[in-house]
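So the chains spell out like this:
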Number of protein chains: 2
Amino acid sequence: MGATAKVLSVAFGRAMREERLNKGLSQEELAFRCNLDRTYISSVERGKVNPSIHITWLIAVGLDIPLWVLIKSAEELASNKEK
Amino acid sequence: MGATAKVLSVAFGRAMREERLNKGLSQEELAFRCNLDRTYISSVERGKVNPSIHITWLIAVGLDIPLWVLIKSAEELASNKEK
DNA sequence: CTGTGACTCAAAGTCCGTG
DNA sequence: TCACGGACTTTGAGTCACA
């Protein structure tokens, strides 16, 4: 992954964390709802990994919002971050 | 990947192909714009792979539309397909 | 111009811990 | 409750020859 490659994953992680906190969920609770590992949720939020579209969908379902809404927030965050 | 796991990837492939054809692009041309292999583009369109969020973003950029728009179309296709 | 199987390799993703 | 690490298995990324 090149330098700009991580921009979206980092933004996605931020958007996802924001949404999780809005719902008052812990990483562990979200992990349970998504059927994903607790430590993996953490990695995604910190932008350490580049999740598949299927994983992002699981997360959106766990957060109880459409995936496109999450992606839209992420893209907005990403473009605001561009220097 | 379980049975329902492929639903979104398949829908994403459809949405993406639709958009590509709307722009009058060949898989080869899109592949060039995305810096991806032609055969890989083909796999994504056919829902054979479960692309990462980074890949979907490259494709959206190549198609010159925001990723969330593409995802939104995909989710709509997916929910219409649910029997 | 596109679909497909086979392949290699890096990264995703899980599970065990720690402070 | 979370960040982070090590070790491990599975999957995606990316390319090729051929139909």
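Within an unreviewed UniProt entry, the label attached to chain A reads Helix-turn-helix domain-containing protein, and the organism entered is Spirosoma flavum.

Quick look at the packing of aromatic side chains now. Summed over the entire model, instances satisfying the criterion amount to 1 aromatic pair over all chains. Stacked on the ring of Trp68(B), the Lys or Arg Lys72(A) has its end atom at 5.0 Å from the ring centre.

Right, let's get into the interface of chain A and chain B. Opposite the 17 residues of chain A that make contact, chain B presents 17 residues. Between chain A and chain B, a total of about 1,700 Å² is buried, with carbon and sulfur atoms accounting for 73% of that surface. Connecting chain A to chain B are 0 salt bridges. Where chain A packs against chain B, one counts 10 residue pairs in polar contact (both at pLDDT 80 or more). At the level of elements, helix H1 (6–22), helix H4 (53–63) and helix H5 (67–81) of chain A are the ones that each hand at least two residues to the side of chain A that touches chain B. Ranked by residue count, the leading element in the side of chain A that touches chain B is H5(A), at 5 residues. Classifying every residue of the side of chain A that touches chain B by side-chain character gives 11 nonpolar, 4 polar and 2 charged.

Quick notes on the rules
Residues numbered from 1 in each chain as written. Chains lettered and ligands numbered in written order. Predicted model: local features only at pLDDT ≥ 70, side-chain atom pairs only at ≥ 80, totals over all residues. Heavy atoms only, no water. Phe/Tyr/Trp six-rings, centres within 6.5 Å; stacked < 30°, edge-to-face > 60°. Lys NZ or Arg CZ within 6 Å of the ring centre and 35° of its normal. Contact = heavy atoms within 4.5 Å. Buried area = accessible area lost by both parts, 1.4 Å probe. Salt bridge = Lys/Arg side-chain N within 4 Å of Asp/Glu carboxyl O. Polar contact = N/O pair within 3.5 Å; in protein donor to acceptor, adjacent residues only side chain to side chain. Helix = DSSP H or I, 4+ residues; strand = E, 2+ residues; numbered from the N terminus. Nonpolar A, V, L, I, M, F, W, Y, C, P; charged D, E, K, R; others polar.

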